[in-house]
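Observations on the model geometry
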Amino acid sequence: MAKFMDVHHSMKGITADQLREAHDADLAIQGEEQVTFEKAWADPESGVVYCLSEAPSAEAVQRIHERAGHKADEIHPVPLMVS
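By the naming in an unreviewed UniProt entry, the protein chain is SCO4226 family nickel-binding protein, taken from Streptomyces levis.

It is worth spelling out the environment of Lys71 at this point. Position of Lys71 relative to the elements: it lies in the loop between α2 (58-68) and β4 (74-77). In this structure the C-alpha to C-alpha distance between Lys71 and Cys51, which are 20 residues apart in sequence, comes to 12 Å. Apart from the residues within four sequence positions on either side, Lys71 is in contact with His8, Gln62, His65 and Glu66.

Turning to helix α1 (residues 16-29), a few remarks are in order. Helix length check: α1, at 14 residues, gives a terminal C-alpha distance of 21 Å against a target of 20 Å (1.5 Å per residue), a fit within 8%. Buried within α1 are the following residues: Leu19, Ala22, His23, Asp26 and Ile29. Burial along α1 is one-sided: seen end-on, the buried residues are contained in an arc of 140°. In α1, the exposed positions that point more than 90 degrees away from the buried face belong to Ala16, Asp17, Glu21 and Ala28. The secondary structure elements touched by the buried residues of α1 are β2 (36-43), β3 (48-55) and α2.

A few words now on the nonpolar core. Judged by nonpolar contacts, the single largest core of 13 residues is most densely connected at Ile14, Val35, Phe37, Val49, Ala55, Val61 and Ile64. Ignoring sequence-local partners within four residues, the contact set of Val61 consists of Phe4, Asp6, Val35, Phe37, Ser53, Ala55 and Ile75.

Here strand β1 (residues 2-8) runs beside β3; their pairing, made up of seven bridges, is antiparallel. Among the inter-strand pairings, His8 is bridged to a residue of β3, identified as Val49. With four bridges joining them, β1 and β4 adopt antiparallel strand pairing. Counterpart to Val7 in the pairing with β4 is Glu74.

About the cut-offs
Per chain, the residues get numbers from 1 upward, laid out in the order the sequence is written. Owing to the predicted nature of the model, reporting of local features is limited to residues with pLDDT of at least 70; listing and counting of side-chain atom pairs is limited to 80 or more, with chain, interface and lining totals taken over all residues. Heavy atoms from the whole structure form the basis of all side-chain values; hydrogens and water molecules are not counted. By the criteria applied, helices consist of DSSP H or I runs no shorter than four residues and strands consist of E runs no shorter than two, each listed in order from the N terminus. By definition, residues are in contact when any of their heavy atoms lie within 4.5 Å. A helix is expected to span 1.5 Å for every residue after the first. Burial classes: relative accessible area under 20% of the type maximum marks a residue as buried, over 50% as exposed, and values in between as partly exposed (1.4 Å probe, protein chains only). Throughout, the arc means the angular range of directions from the helix axis out to the C-beta atoms. Throughout this description, the term nonpolar core refers to a set of buried Ala, Val, Leu, Ile, Met, Phe, Trp, Tyr and Cys residues connected via side-chain atoms within 4.5 Å. Criterion used throughout: strands pair if DSSP finds at least two bridges between them.

Spelled out as structure tokens, the structure:
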């Protein structure tokens, strides 16, 4: 499985509760595409939201986001990470 960082650009004004609801919507159906959403971050002022996931493909990530009602604007593979 590969890691992916996806980006949403049109969530200006998103609250912590709304971010949690969107993340929970992904979590509820992620198994259907073998996707694991790990974390989500948001900047309410700019409207940018980032989601980190592990998945078989970027297309699988997008299918979950689309079905959950918030299609990603960008999905980037993350082949290298450090802690």
